[in-house]
Amino acid sequence: MPIATPEVYNEMLDRAKAGQFAYPAINVTSTQTLHAALRGFSEAESDGIVQISTGGAEFLGGQYQKDMVSGSRALAEFAHVVAEKYPVNVALHTDHCPKGKLDGYVRPLLAISAERVARGENPLFQSHMWDGSAETLKDNLDIASELLEKAAAARIILEVEITPTGGEEDGVSHEINDKLYTTVDDALRTAEALGLGERGRYLLAASFGNVHGVYKPGNVVLRPELLRDLQDGVGEAHGKQNPFDFVFHGGSGSTREEIGTALGNGVVKMNLDTDTQYAFTRPVADHMFRNYDGVLKVDGEVGDKKTYDPRSWGKLAEAGMAERVTQACGDLRSTGTRLK
């Protein structure tokens, strides 16, 4: 199946919300990690989301110029070709983009998609994220309003992060403290500024104690029940049941109970990066340790080409990451839900 059209992506999100499941959103940094994500979704018979952060886009742009737009655009074009061979629908998304990188990342990509739509084509990406969590809520929502208008015109869904997520993600960092919990007032101000779908669809990354990166269970206090307060508070004020489509950031390391509560309260997308990075790298480390004398030319020997050929360890890396993506589909209840 091809990359999801805007209509298919909207249907995916609607079905997830109605069925109380969510799509894993897998960060990729190469064509190989893209294939791993597509393979994992396919083996789980789940549609899904593939996303590229600013750091991932810079890496994809090559170390000579590190151009985020060319890197993300190239991988998206590649994905449009290879995704046709996988029996699932996949949406392409750009992850965290702070204010200082909008002009070098999201705004140019929105313009590219606007040009495509003007020619009668589908947008290059299906959604983009604006991370204004480092700004005041007023400035955050002012920029979100501008981006939402551009995204809607290009048939793209916008993701907004209105309050901080702890930890560090591509240079944006927040302390782990009581500020990591979105309030009903924050959500009401968001609905007032962006509407509830009539100005364009958006996904809301609300904070309920989420932390990016690596942490041990017990070090982070997640309160996914808070999302119900946000749904009910805004829903009552606007006469609309479950008005928000939530995103779960910092999902690596979460318990099944925490995930289940979040799904019941309107989470339709959960980001996964740290766990899949490890799942990709772990088999490579194992291969290198097991084949030390082959991957290195030790003491003037010639090594073993079969073991240092990138394909030999690359296949293992892809399989390891694909397995973790399949596990994520099970955790998020999206296994077996693909659109036919």
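Structure: above.
Summary of the structure given here. In this text the structure is predicted, and so the values were computed from the model without any measurement.

Cut-offs and rules
Residues numbered from 1 in each chain as written. Predicted model: local features only at pLDDT ≥ 70, side-chain atom pairs only at ≥ 80, totals over all residues. Heavy atoms only, no water. Helix = DSSP H or I, 4+ residues; strand = E, 2+ residues; numbered from the N terminus. Rg over C-alpha atoms; globule rule 2.2 N^0.38 Å. Buried < 20%, exposed > 50% of the residue type's maximum accessible area, 1.4 Å probe, protein only. Salt bridge = Lys/Arg side-chain N within 4 Å of Asp/Glu carboxyl O. Expected span 1.5 Å × (residues − 1). Contact = heavy atoms within 4.5 Å. Axes fitted to C-alpha atoms, helices over the stretch in contact; angles between N-to-C directions. Parallel < 35°, antiparallel > 145°, perpendicular 65-115°, else oblique. Left-handed = near helix turned anticlockwise from the far one by under 90°. Core = buried A, V, L, I, M, F, W, Y, C linked by side-chain atoms within 4.5 Å.

## Focus: the overall build of the chain
Turning to step 1, where the next piece is worked out: In terms of regular secondary structure, the chain is built from 13 helices and 10 strands.
Turning to step 2, where the next piece is worked out: The globule rule puts the C-alpha radius of gyration for 340 residues at 20 Å, and the 20 Å found for the chain is close to it.
Turning to step 3, where the next piece is worked out: Viewed in the frame of its principal axes, the chain has a C-alpha envelope of about 75 × 50 × 40 Å.
Turning to step 4, where the next piece is worked out: Residues classed as buried in the chain amount to 54% of the 340 residues present.

## Looking at the pattern of salt bridges
Turning to step 1, where the next piece is worked out: Overall, the coordinates contain 19 salt bridges when judged by the stated rule.
Turning to step 2, where the next piece is worked out: In this structure, arginine 107 and aspartate 103 form a salt bridge, with 2.7 Å as the shortest nitrogen-oxygen distance.
Turning to step 3, where the next piece is worked out: Taking relative accessible area as the criterion, arginine 107 reaches 25% and is therefore assigned partly exposed.
Turning to step 4, where the next piece is worked out: Note that arginine 119 is salt-bridged to glutamate 121, the shortest N-O span being 3.1 Å.
Turning to step 5, where the next piece is worked out: For arginine 119, a relative accessible area of 53% translates into the label exposed.
Turning to step 6, where the next piece is worked out: A single network of salt bridges, built from pairs that share partners, joins Asp14, Lys17, Arg201 and Asp245.

## Description of helix α13 (residues 310–331)
Turning to step 1, where the next piece is worked out: The end-to-end C-alpha separation of α13 is 31 Å, in line with the 32 Å expected for 22 residues at 1.5 Å each.
Turning to step 2, where the next piece is worked out: Those residues of α13 that fall on the buried side of the exposure criterion are Gly314, Ala317, Glu318, Gly320, Met321, Ala322, Arg324, Val325, Ala328, Cys329 and Asp331.
Turning to step 3, where the next piece is worked out: The secondary structure elements touched by the buried residues of α13 are β1 (23–27), α2 (31–44), α9 (256–264), β10 (267–272) and α10 (274–290).
Turning to step 4, where the next piece is worked out: Once α13 finishes, arginine 333 follows within two positions and takes phi at roughly 65°, a positive value.

## Structural notes on helix α4 (residues 68–82)
Turning to step 1, where the next piece is worked out: The terminal C-alpha atoms of α4 lie 21 Å apart, and with 15 residues this matches the ideal 21 Å at 1.5 Å per residue to within 8%.
Turning to step 2, where the next piece is worked out: Among all positions of α4, only Met68, Val69, Gly71, Ser72, Leu75, Ala76, Ala79 and Val82 are buried.

## Some remarks on the packing of α4 against helix α5 (residues 106–118)
Turning to step 1, where the next piece is worked out: Between α4 and α5, the shortest axis-to-axis distance is 10 Å and the interhelical angle comes to 40°. Between α4 and α5, the interaxial angle falls into the category oblique. Where α4 crosses over α5, the two elements pack in a sense that is right-handed. Residues Val69, Ser72, Arg73, Glu77 and His80 of α4 form the contact with α5, whose participating residues are Pro108, Leu109, Ile112 and Arg116.

## Looking at the nonpolar core
Turning to step 1, where the next piece is worked out: In terms of nonpolar packing, the biggest core is built from 77 residues, with Phe41, Val160 and Phe244 touching the most fellow members.
Turning to step 2, where the next piece is worked out: Residue contributions to this core peak at seven residues, all from helix α6 (residues 137–153).
Turning to step 3, where the next piece is worked out: Core analysis: the second largest hydrophobic core is formed by 16 residues, Phe21, Ile157, Leu203 and Val247 among them.

## Observations concerning the environment of valine 117
Turning to step 1, where the next piece is worked out: Looking at the element boundaries, valine 117 is found in helix α5.
Turning to step 2, where the next piece is worked out: Judged by relative accessible area, valine 117 falls into the partly exposed class, the value being 21%.
Turning to step 3, where the next piece is worked out: The sequence separation of valine 117 and alanine 154 amounts to 37 residues, and the corresponding C-alpha distance is 6.2 Å.
Turning to step 4, where the next piece is worked out: With sequence-adjacent residues up to four places away left out, valine 117 is seen in contact with Asn122, Pro123, Ala153, Ala154 and Arg155.

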